[in-house]
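# Survey of secondary and tertiary structure
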Amino acid sequence: MTESNGSGAPAGRTDRTERVHQGEQMPDWEKRFRAPRVSLPDWAEDAPDRSLFVSNATGTYELYAWDRSTGEQRQVTDRPNGTTDGVLSPDGEWIWWFDDKDGDEFGVWRRQPFAGGPDELAAPGLDASYPAGLALGRDGRTAVVGRSTDEDGTTIHLVRTVSRAEGAEAAEEPVAPVEIYRHRESAGVGDLSHDGSLIALEHTEHGDAMHSALRVLRPDGVTVAELDDTKGGTEELGLEVLGFAPVDGDTRLLIGHQRRGRWEPMVWDVATGEETDLSLELPGDVSAEWFPDGTGLLIAHSFEARSELFRYDLAGPELVEIDTPPGTVSGATARPDGSVEYLWSSSAQPSTVRSTTGEVVLDPPGMRSPGSVPVEDVWVEGPGGRIHALVQKPEGATGPLPTVFDIHGGPTWHDSDSFAAGPAAWVDHGYAVVRVNYRGSTGYGRAWTDALKHRVGLIELEDIAAVRAWAIDSGLADPDRLILTGGSWGGYLTLLGLGVQPDAWTLGIAVVPVADYVTAYHDEMEALKAMDRTLLGGTPEEVPERFEASSPITYVDRVKAPVYISAGVNDPRCPIRQIENYVHRLQSREAPHEVYRYDAGHGSLVVDERIKQVRLELDFAERHLGTKAKAGTGTKAETETETETETEAGEQG
């Protein structure tokens, strides 16, 4: 049990706290990673004083329970590689958390009493799998559990869990799980209605993993309603479940749709089929959730890398803006008293959990994260339309500067005006950082997101090249000191870019990348296989020419720049074997490269490990570009004694 600071934020272990308070010489970039931070707290629908959140207070991201009525909080999970996937039951009695092995994302759900106690298997009778959604019933005994495996595709099960009253000596025996859905294509649990009588699913039975259809089932598996925007038209449109109305007997389901070229909310009565179009007339993507009394919606609007909140009263109807600072709201929730809590940050200011009451909801004690420089917006004409890029550079610096093109993952994601410790570290070391919301990114309309099909990777690189040309022509970037880097899909684009555009980049740093697309397809988790079939139009056997054209290993012999690659040995998304294939090709021609392998999955939840990786990346850039670290930034001297890389001259296993 960790110490509470009275506001509900974890204080962390004493040894770590003492160490960071001794950090007078600790560089700012490292402080940004070490400073305690918290997620937006989830709260129990029928016990709103009970909350669950994630924090790195002990140096590893773990789940924490928080009783708001007493201020008491405690650490729920404690695993070497961290835990972030957790759900609080509506009655506030149980915390469900997903137990995988060292970040491989393949595991089982366990649960623990909110007040503390031993963990137990939450869904006895269900074998380990990749998760495909979870919804918990208000009765404390019902759960809908989604599973994904290579053998079965997606299966969804109704689970009757153990019901244990506080202080009871005996408990009911769990009932065997009942399978209510099965399909080879991807699907997932959307929500369970307030009274437990309806289950909403998202599915891609039509084979398009980028655009889901919806189905509503009874607990016995019988279908009561369906909605599919992929049928009957020339456009590919998706739907998503946002949640059932929080009222017993209410059959209204809040959903997201793309009928006007962007994500917008709509209310669908699954009993009558009536659809209520909200027509909010906001220019960007819009999501929503119910206010707890069911009379209104909390609207989250994302547009051009920034976001804002509104309340939409259904009776009016009326849209009222909720005052939030300029920047990005990365999560928001409406509380029973009508207030709204939200997680906010900007590129210059670290994240905080705020409330419309004016209070800071969670304020972690200990070392504070230093801020960074604001982001500048740049719009560049590209082959597919105007490209939005976000630029940061050292305060007062004038170009041309060594410049890092930090490419986001996803690809269905986007960089925003939000706080990010990684880009800030590069800025601290004298680099300009450019982040490109290439075609495939979200937040700029459905057509922009869907544009990369079939020429996967190559389309994104065209947009990155256009922004690169702007960066050089504007005087920002030194053309002889250009780094291409990114994680996950950004790592994939890094390796692909080094081969497709070999003369454009001085250095490449690829984090958990796709390197050999065909091998990655065969080794990755089933849901990503479905996504790749959608993006490329089939399997490697069906469209081999597309996989070849989009695979970094196709162009590996054209790579001129030194390459740094980091990889998680348990990664189910960008598996290690396909990275080894790429590395062996670099070795065969003695191309300059370094590889760092770490014992986790698709990234690390351990702060020390993440800091180590950033040190290695900064040192790699300094050694190859001849850039000199600023005084006090602490890179090369600290990494020389602990680097575990390999080169063509000598491998470490």
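Note that the coordinates shown come from a computational prediction; the quantities given were computed from them, not determined experimentally. (Residues numbered from 1 in each chain as written. Predicted model: local features only at pLDDT ≥ 70, side-chain atom pairs only at ≥ 80, totals over all residues. Heavy atoms only, no water.)

This part is about the overall build of the protein chain. If you tally the helices and strands in the protein chain, you get twelve helices and 37 strands. The buried share of the protein chain, reckoned over its 653 residues, is 58%. Look at the contacts in the protein chain between residues 6 or more apart in sequence, and 56% of them connect residues 24 or more apart. Total accessible area computed for the protein chain in this model is approximately 25,300 Å², and 47% of it derives from carbon and sulfur atoms. (Helix = DSSP H or I, 4+ residues; strand = E, 2+ residues; numbered from the N terminus. Buried < 20%, exposed > 50% of the residue type's maximum accessible area, 1.4 Å probe, protein only. Contact = heavy atoms within 4.5 Å. Areas by Shrake-Rupley, 256 points an atom, 1.4 Å probe, with all protein chains shown as cover.)

As a further point, take the side chain of arginine 68. Positionally, arginine 68 belongs in the loop between β3 (62-67) and β4 (73-75). For arginine 68, the side chain forms a polar contact with the side chain of glutamate 341, separated by 2.8 Å. Beyond its immediate sequence surroundings of up to four residues, arginine 68 is in contact with Pro41, Pro48, Asp49, Ser51, Arg335, Glu341 and Val361. (Polar contact = N/O pair within 3.5 Å; in protein donor to acceptor, adjacent residues only side chain to side chain.)

Each neighbour pair has its own omega, and for glycine 399 with proline 400 the value is 0 degrees, a cis peptide bond. Tracing the sequence through the fold places proline 400 in the loop between β30 (385-392) and β31 (401-407). For the bond from glycine 410 to proline 411, the omega torsion is 5 degrees, close enough to zero to count as cis. Among the structural elements, proline 411 can be located in the loop between β31 and α3 (421-428). Even without being a glycine, glutamate 304 presents a positive backbone phi close to 50 degrees. Of note in this structure, valine 512 is not a glycine but carries a positive phi near 35 degrees. Within the secondary structure, valine 512 is located in the loop between β34 (507-511) and α7 (517-523). Overall, the relative accessible area of 5% leaves valine 512 in the buried class.

What describes two packed helices is the angle between their axes and the distance between those same axes. Contact pair helix α5 (residues 458-473) / helix α6 (residues 489-500): the axes reach a minimum separation of 10 Å and the direction vectors enclose 75 degrees. In terms of orientation, α5 lies roughly perpendicular with respect to α6. In contact with Leu458, Glu460, Leu461 and Ile464 of α5, α6 contributes Trp489, Leu493, Leu496, Gly497 and Val500. Split into classes, the residues belonging to the contact of α5 with α6 amount to seven nonpolar, one polar and one charged. (Axes fitted to C-alpha atoms, helices over the stretch in contact; angles between N-to-C directions. Parallel < 35°, antiparallel > 145°, perpendicular 65-115°, else oblique. Nonpolar A, V, L, I, M, F, W, Y, C, P; charged D, E, K, R; others polar.)

Let us now look at the packing of aromatic side chains. A complete count under the given rule lists 15 aromatic pairs for this structure. Aromatic side chains phenylalanine 405 and tryptophan 505 sit 5.3 Å apart centroid to centroid with 70 degrees between the ring planes, which places their arrangement in the edge-to-face category. Separated by 100 residues along the polypeptide, phenylalanine 405 in strand β31 and tryptophan 505 in the loop between α6 and β34 bring together distant segments of the chain. The exposure classification of phenylalanine 405 matches that of tryptophan 505, with both residues buried. Each ring, one from tyrosine 564 and one from phenylalanine 620, has its centre 5.5 Å from the other, and the planes form 45 degrees; the classification is tilted. Taken together, the residues span a long stretch of sequence, with tyrosine 564 in strand β35 (residues 563-568) and phenylalanine 620 in helix α11 (residues 607-625) at a distance of 56 residues. Judged by its relative accessible area of 0%, tyrosine 564 is buried. On the accessibility criterion, phenylalanine 620 (0% relative accessible area) is buried. An aromatic cluster of three or more residues is present, and its members are Trp489, Tyr492, Tyr517, Tyr521 and Phe547. (Phe/Tyr/Trp six-rings, centres within 6.5 Å; stacked < 30°, edge-to-face > 60°.)

With 90% of its residues at a pLDDT of 70 or more, the protein chain shows a mean pLDDT of 91. Here residues 166-170 scores under 50 on pLDDT; set against residues more than four positions off or in separate chains, the count is zero contacts. In the predicted structure, residues 631-653 sits below a pLDDT of 50 and forms 47 contacts with residues beyond four places in sequence or in another chain. (pLDDT = per-residue confidence, 0-100.)

Of all the six residues making up strand β18 (residues 252-257), five are buried; the element is thus mostly covered by neighbouring parts of the structure. The pairing of strand β17 (residues 239-244) with β18 spans five bridges and is antiparallel. By the bridge assignment for β18, valine 241 is matched with isoleucine 255. The loop that links β18 with its antiparallel partner strand β19 (residues 264-269) comprises six residues; one of these, glycine 261, has a positive phi angle of about 85 degrees. (Pairing = 2+ DSSP bridges.)

Here α6 spans 16 Å end to end across twelve residues, near enough to the 16 Å set by a 1.5 Å rise per residue. Every buried residue belonging to α6 is among Trp489, Gly490, Gly491, Tyr492, Leu493, Thr494, Leu495, Leu496, Gly497, Leu498 and Gly499, and all of these are buried. (Expected span 1.5 Å × (residues − 1).)

A word on the sheet that holds strand β10 (residues 142-149). With antiparallel pairing, four strands are arranged side by side in an open sheet as β9-β10-β11-β12. The open sheet has two edge strands with one neighbour each: β9 (130-136) and β12 (175-183). For this sheet, the mean angle separating the axes of adjacent strands, direction not counted, is 20 degrees. Bridge count for β10 against strand β11 (residues 153-160) is eight bridges, and the pairing is antiparallel. By the bridge assignment, serine 148 is partnered in β11 with threonine 154.

One open sheet holds the four strands; their spatial order is β1-β2-β3-β4, and the pairing between them is antiparallel. Strands at the two margins of the open sheet, each flanked by one partner only, are β1 (42-44) and β4. Sheet twist, expressed as the mean angle between neighbouring strand axes with direction ignored, is 25 degrees. Judged from the three bridges that link them, β3 and β4 form a sheet pairing that is antiparallel. In the strand pairing of β4, alanine 65 is matched with arginine 74.

Below, the discussion takes up the nonpolar core. Counting 60 residues, the largest nonpolar core has Phe405, Ile464, Tyr517 and Tyr582 as the members making the most contacts within it. Ranked by the residues each element gives to this core, the list is headed by α5, at seven residues. With residues up to four places along the chain from it excluded, the contact list for tyrosine 582 reads Leu495, Ala515, Pro552, Ile553, Val556, Val559 and Ile565. In terms of nonpolar packing, the next biggest core, distinct from the first, is built from 27 residues, Ala425, Tyr596, Ile611 and Leu616 among them. (Core = buried A, V, L, I, M, F, W, Y, C linked by side-chain atoms within 4.5 Å.)

Our focus in this paragraph is the pairing of β19. For β19, the tally of buried residues reaches six of six residues, placing the bulk of the element in the interior. Residue alternation in β19 divides its side chains into two sets, Glu264, Met266 and Trp268 and Pro265, Val267 and Asp269, and both sets are buried. Pairing analysis gives six bridges linking β18 to β19, with the strands arranged antiparallel. Paired with glycine 256 across the two strands is proline 265, which belongs to β19. As judged from the three bridges shared by β19 and strand β20 (residues 275-277), these two strands associate in the antiparallel manner.

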